[in-house]
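These are the residues of each chain, in order.
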Amino acid sequence: MKILASIPVERVQVSANTFTYRTEIHELTVILVMRYASTRRRELNRFHYQADVEDHPMLLQEAKHGRKHYRVNIQRHGMNDKWPLPNFGDKDVYEVQKENVE
């Protein structure tokens, strides 16, 4: 499963003690998808989606903060309109299965 997402590619020093990251949009391979209820009433079915993605050659390793994978927000409107929503069932985490490549 692939999505378009914004990842940090360069650290920008703003002042002596402040920095930010310059980001770019790239196609990324998803490992794990999580959903978070955006309202208190779960029956409204409004969720925010985040994904852990595989390393990308342009991804700034410093931005991972020691974690194994980088987590991105999935923007469903605009960039990922045709992204198929996984079947979560009664859980809030969906692990993407590796496809057999022959």
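Residues numbered from 1 in each chain as written. Predicted model: local features only at pLDDT ≥ 70, side-chain atom pairs only at ≥ 80, totals over all residues. Heavy atoms only, no water.

(A) Examining unusual backbone geometry more closely. Positive phi, close to 55°, is recorded for His65, a residue that is not glycine. Among the secondary structure elements, His65 is positioned in the loop between strand 3 (47-53) and strand 4 (70-73). (Helix = DSSP H or I, 4+ residues; strand = E, 2+ residues; numbered from the N terminus.)

(B) The arrangement of the confidence of the model for the protein in detail. Per-residue confidence for the protein averages 85 on the pLDDT scale, and 95% of its residues sit at or above 70. The secondary structure element of the protein with the lowest average pLDDT is strand 5 (residues 93-95), at 87, and the one with the highest is strand 1 (residues 2-13), at 92. (pLDDT = per-residue confidence, 0-100.)

(C) Expanded view of the packing of aromatic side chains. Inspection of the entire model under this criterion finds five aromatic pairs. Aromatic side chains Phe19 and Tyr21 sit 5.6 Å apart centroid to centroid with 75° between the ring planes, which places their arrangement in the edge-to-face category. Just above the ring of Phe19 sits the side chain of Arg11; from NZ or CZ to the centre is 3.6 Å. The lysine or arginine in question, Arg35, covers the ring of Phe47, its NZ or CZ lying 4.4 Å from the ring centre. (Phe/Tyr/Trp six-rings, centres within 6.5 Å; stacked < 30°, edge-to-face > 60°. Lys NZ or Arg CZ within 6 Å of the ring centre and 35° of its normal.)

(D) Seen up close, the environment of Gly66. Relative to the elements of secondary structure, Gly66 occurs in the loop between strand 3 and strand 4. We classify Gly66 as exposed; its relative accessible area is 79%. (Buried < 20%, exposed > 50% of the residue type's maximum accessible area, 1.4 Å probe, protein only.)

(E) Region of the structure containing the pattern of salt bridges. Counted by the stated rule, this structure contains six salt bridges. One salt bridge in this structure joins Glu24 and Arg22, with 3.0 Å as the shortest N-O distance. Residue class for Glu24 comes out partly exposed when judged on its relative accessible area of 25%. One salt bridge connects Arg35 with Asp92, and the closest N-O pair in it is separated by 3.0 Å. With Arg35 in strand 2 (residues 19-37) and Asp92 in the loop between strand 4 and strand 5, this pair connects stretches of sequence that are 57 residues apart. A cluster of three or more residues bridged by salt bridges with shared partners is formed by Glu10, Arg22 and Glu24. (Salt bridge = Lys/Arg side-chain N within 4 Å of Asp/Glu carboxyl O.)

(F) A look at the nonpolar core. Core analysis: the largest hydrophobic core is formed by 19 residues, its most contacted members being Ile3, Ile7, Val33, Tyr49, Tyr70, Val72 and Ile74. With residues near it in sequence (within four places) discarded, Tyr70 still touches Ile7, Pro8, Ala51, Asp52, Val53, Leu59, Ala63 and Lys64. (Core = buried A, V, L, I, M, F, W, Y, C linked by side-chain atoms within 4.5 Å. Contact = heavy atoms within 4.5 Å.)

(G) Main features of the environment of Gln13. Looking at the element boundaries, Gln13 is found in strand 1. Assessed through its relative accessible area of 45%, Gln13 is described here as partly exposed. Among the polar contacts made by the side chain of Gln13, one reaches the main-chain carbonyl oxygen of Ser15 at a distance of 2.9 Å. A distance of 3.5 Å separates a polar side-chain atom of Gln13 from the backbone oxygen of Ala16. (Polar contact = N/O pair within 3.5 Å; in protein donor to acceptor, adjacent residues only side chain to side chain.)

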